[in-house]
Amino acid sequence: MIKANGLVSITDCDKDDILRILDLAEQFEKHPNPHLLDGKLVATLFFEPSTRTRLSFETAVQRLGGRVIGFSDAATSSSSKGETLHDTIKMVSNYVDLIVMRHPVEGAARYASEVAGVPVINAGDGANQHPTQTMLDLYSIKKTQGRLDNLTISMVGDLKYGRTVHSLLQAMQYFNPTYNFVAPPELRMPEQYRLFCEEKGLKYKEETDLNAVLKTSDILYMTRVQQERFTDPVEYEKVRNTYTLRNSMLEDTKDNLRILHPLPRITEIAADVDANPKAYYFEQARNGVFARQAVICSILGLV
Amino acid sequence: MKASHTELIVRALENGTVIDHIPAEKLFKIVSILNLDTIADQITIGNNLESKKLGKKGVIKIADKVFKAEELNKIALLAPTARINIVKNYEVVEKIDLSLPEQINDILQCVNPMCVTNKQPVATRFDLTDRKRGLLKCHYCERALSLSEIVLK
Ligand SMILES: [Zn+2]
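Residues numbered from 1 in each chain as written. Chains lettered and ligands numbered in written order. Predicted model: local features only at pLDDT ≥ 70, side-chain atom pairs only at ≥ 80, totals over all residues. Heavy atoms only, no water.

(A) Molecular detail of the nonpolar core. Residues and elements named next belong to chain A. Counting 57 residues, the largest nonpolar core has M135, M155, L169, Y179 and I296 as the members making the most contacts within it. It is helix α9 (residues 281-299) that contributes the most residues to this core, eight residues altogether. Mapped onto the domain boundaries, this core takes at least three residues apiece from domain 1 (6-129 + 288-299) and domain 2 (131-285). In this structure L169 touches M155, Y179, F181, M189, Y193, F196, C197 and L202, once residues within four positions along its chain are discounted. (Core = buried A, V, L, I, M, F, W, Y, C linked by side-chain atoms within 4.5 Å. Buried < 20%, exposed > 50% of the residue type's maximum accessible area, 1.4 Å probe, protein only. Helix = DSSP H or I, 4+ residues; strand = E, 2+ residues; numbered from the N terminus. Domains from an automatic or database assignment. Contact = heavy atoms within 4.5 Å.)

Written as structure tokens, this is what we have:
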């Protein structure tokens, strides 16, 4: 159950929470409500910069009539003067109705939710969680497929460090997915998540070849392969080229296939894919505003 | 001979607690984690005693001491095979089964260097996610770890 003290991890959400948030997101998309957050003040505390996520949250709040205060990186926050996270959160919770925070340290949002007097939404805590990203991914899947149940979802790229795929994998457990995990051996899905699938009875296959999963996929979830994950630059170049999606590869794919990517992309999706109607990553980002409006209003008890 | 000697040690305790069946290699870790090296009560420590179950075992006997739940949790984490006997008037009046609690507070250190518990003054908390497999999860960074990987604070 999503708790009154916020949304920290997708694992806090049960099936009903997810379905309720997605229904709300759909309503916000269809019927914009410019006054729902009138008189509410939201803090966006970004202890590390993420312009994309911050703008999405701030758009979500302001389009509903709420106001925003905050900072966009740690250098302009009091933590740069050595203030503990505890004290920053205590101070800010005196001022606002809700805190949205991003922090490079894992578990920072959970801790903040325990000391804050107001609800906390985790906008990313290091490699750990980013639950509103998962909500927008789920919303994008539901919107493009018309359902969440019985889909074949192929996750591609950095499955070892990619928190978005880990959270999506956990959230989809309620909807009988079939997973394909496509990654080089050094970036394969960690044991913790493979065990999770086995425990929950979720079907999965591991592949190293992207072409092996294209024809059967309903969703292709691409992720960024970052150079810093590799000690050998030659190995990085090889992997980067192997896991690049090009338009020509999409010829024999299903009509309903949609390509998702949490963005920003580097080279893992070639520019010629953008014009293909199966490319969905830019709309996916737009869905983030509706998903975040749904989460914010749900936590504040306004819907 | 050795077995009867162990009995003697146990029997000699009038009131207090006996921790028996400690794997020999864990004995001094338990002494240290429970801070038994600094307590004022009478304490008898035996190690490398013969044991049918463990090969070699350790025994700790402390007069007038009853362990708190968090101390028992520490023992359970380090030596789940240990047995706790409460002695009154030279008789074992209670045997306590060690079992891991659902939540382990402030005993373990998180192995994830990027965890908030290693970066800020925050007490650690682990949740037992799979008792059978002995799997724990950090309440904060959500890193899973098995009992064989734990690090005590
Ligand atoms: Zn941790």
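(B) Seen up close, the sheet that holds strand β8 (residues 203-207) of chain A. Residue and element names in this part refer to chain A. Pairing is parallel across the open sheet formed by five strands, whose spatial order is β8-β7-β6-β9-β10. Here the strands that pair on one side only, and so sit at the sheet edges, are β8 and β10 (258-260). Neighbouring strand axes in the sheet, compared pairwise and without regard to direction, differ in orientation by 20° on average. Pairing between strand β6 (residues 152-156) and strand β7 (residues 178-182): five bridges, direction parallel. Within β7, the residue paired with V156 across the bridge is V182. (Pairing = 2+ DSSP bridges. Axes fitted to C-alpha atoms, helices over the stretch in contact; angles between N-to-C directions.)

(C) Spatial organisation of the interface of chain A and chain B. Residue-level contacts link 18 residues of chain A with 16 residues of chain B. Contact between chain A and chain B buries roughly 1,400 Å² in total, counting both sides, with carbon and sulfur atoms accounting for 49%. Across the salt bridge formed by R110(A) and E142(B), the nearest N and O atoms sit 3.9 Å from each other. Looking at the side of chain A that touches chain B residue by residue, the class counts come to six nonpolar, eight polar and four charged. (Buried area = accessible area lost by both parts, 1.4 Å probe. Salt bridge = Lys/Arg side-chain N within 4 Å of Asp/Glu carboxyl O. Nonpolar A, V, L, I, M, F, W, Y, C, P; charged D, E, K, R; others polar.)

(D) Highlighting the sheet that holds strand β6 (residues 103-105) of chain B. Residues and elements named next belong to chain B. Pairing is antiparallel in the open sheet, where four strands are placed in the order β6-β8-β9-β10. Every other strand in the sheet has two partners, leaving β6 and β10 (144-146) as the edge strands with one partner each. Strand-to-strand, the axes of this sheet are offset by a mean angle of 30°, without reference to chain direction. Relative to β10, strand β9 (residues 135-138) runs antiparallel, the two being bridged by three bridges. By the bridge assignment for β10, L135 is matched with S146.

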